[in-house]
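# Chain and residue survey
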Amino acid sequence: MEKIAVLIPCYNEANTIKKVVADFLEVLPEATIYVYDNNSTDGSGEIAKKAGAVVRHEYVQGKGNVIRRMFREIDAECYVIVDGDDTYPAEASSIMVEKVLNYQVDMVVGDRLSSTYYKENKRRFHSFGNSIVRKTINFLFDSDIRDIMTGYRAFSYQFVKTFPVLSKGFEIETEMSIHAIDKNMSVENCVVEYRDRPDNSESKLNTYSDGFKVVGTIVRLFKNYKPLAFFGFIALILAIISIVFFIPVMVEFLKTGFVPRFPTLIMCVFMMIAAIQSFFAGLILQTNVQKNRHDFEMELIRCNERYNDLKNKKNDYYAEVK
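Notes on the structure follow.

Conventions adopted
Residues numbered from 1 in each chain as written. Predicted model: local features only at pLDDT ≥ 70, side-chain atom pairs only at ≥ 80, totals over all residues. Heavy atoms only, no water. Salt bridge = Lys/Arg side-chain N within 4 Å of Asp/Glu carboxyl O. Helix = DSSP H or I, 4+ residues; strand = E, 2+ residues; numbered from the N terminus. Buried < 20%, exposed > 50% of the residue type's maximum accessible area, 1.4 Å probe, protein only. 1 Å grid on protein atoms, 1.4 Å probe; cavity = no way out; pocket = protein on both sides within 12 Å on 5 of 7 lines; lining within 4 Å. Points joined across faces, edges and corners; volume = space filled by probe spheres on them. Nonpolar A, V, L, I, M, F, W, Y, C, P; charged D, E, K, R; others polar. Pairing = 2+ DSSP bridges. Axes fitted to C-alpha atoms, helices over the stretch in contact; angles between N-to-C directions. Contact = heavy atoms within 4.5 Å.

### Digging into the pattern of salt bridges
Any two side chains of opposite charge can pair if their charged atoms end up close together. Scanning all chains against the criterion turns up 19 salt bridges. One salt bridge connects D86 with K19, and the closest N-O pair in it is separated by 3.5 Å. Residue D86 is located in the loop between β4 (76–81) and α4 (93–103), and its partner K19 is located in helix α1 (residues 17–27); the two are separated by 67 residues in the primary sequence. D86 sits in the buried class, given a relative accessible area of 10%.

### A few points about unusual backbone geometry
Residue Q104 is not a glycine yet carries a positive backbone phi of 55°. Relative to the helices and strands, Q104 resides in the loop between α4 and β5 (107–111). The class of Q104 is exposed, set by a relative accessible area of 69%. The phi angle at D142 is positive, at roughly 55°, despite the residue not being glycine. If you trace the backbone, D142 turns up in the loop between α6 (124–141) and β6 (153–156). Its relative accessible area of 72% is what places D142 among the exposed residues.

### Describing empty space enclosed by the protein
For the structure on display, the rule yields one cavity of 30 Å³ or more. What lines the largest cavity is simply K63, I67, I81, T150, G151, R153, I172, E173 and M176. Secondary-structure elements contributing two or more residues to the lining of the largest cavity are α3 (63–73) and α8 (172–182). The biggest single contributor to the lining of the largest cavity is α8, with three residues. Of the residues in the lining of the largest cavity, the class split is four nonpolar, two polar and three charged.

### Things to note about the sheet that holds β6
Judged by pairing direction, the sheet is mixed, and its seven strands sit side by side in the order β3-β2-β1-β4-β6-β5-β7 without closing on themselves. Each of the sheet's edge strands pairs with one partner strand only, and the pair in question is β3 (54–57) and β7 (187–191). Averaged over all pairs of adjacent strands, the angle between strand axes in this sheet comes to 20°, irrespective of strand direction. In terms of strand pairing, β5 meets β6 through three bridges, oriented antiparallel. Opposite V108, over in β6, you have A154 as the bridge partner. Across the sheet, helix α2 (residues 44–51) is in contact with β1 (2–10), β2 (32–37) and β3; its angle to β3 comes to roughly 155°.

These figures come from the coordinates and say nothing about function on their own.
Structure, rendered in structure tokens:
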């Protein structure tokens, strides 16, 4: 087991990857720098290797796929993940690592939005989208993560080995944040300076298509993690519509003793039945969620035991070498 692993997903970052690797080698000399080349066509992998990084490959395209491979293959006491576009300062990583190693934080979020992001970022829709996503998630999940979409984070071994990576692309950051919140893991924000990409470096994030994927991920995870709230909201909307249309029918019946609008009455009955079904579906699924949380805590205990075993083996090895 390594003490610190710096993980850099990389797709066509030939103009910046050398500097990113060199910066992290300087700030974290005890760390191993891993660059995972995701089918680059500009020689990014070779450049990173010459700069001193361990280069591996993920041939299935997408940042989420790369992170799944990283988390599966590498064992470390602390993981730092950073984009290869040189938009994040390596200097902040020492503070983030300290929080994980010395204060048992499970996820440290590199918070760009509280520093220079809105000034440096030239893609205004990105800034707007980041704010909307942050406010939505913090509202829905009652949290205080200040930068949901940041690509600069530090993780504990326990987080990495118990995080089920389901996303394939850039929505992976949203999934990480919601997972940490839902599983009551220790999360802290660390304000970092942000600088926009160099002029000769191009963003791989599509504002609109990837933005819709992120929104879809939020809805999906809200349904999965908080089914009673999700289906309860649907039940409330259906019940309100049913009652609103039913009131005139009821008033007319009380006045005349007749129900001339039978189609409306039938629609109201079916919508109320759908509302009741939706509510009980959420109630049943919420029970399953509670069971899953119980199972997760047990898995966390087992993961912590594996972590201690790996640390002990590493300490025994160094003791024999000495």
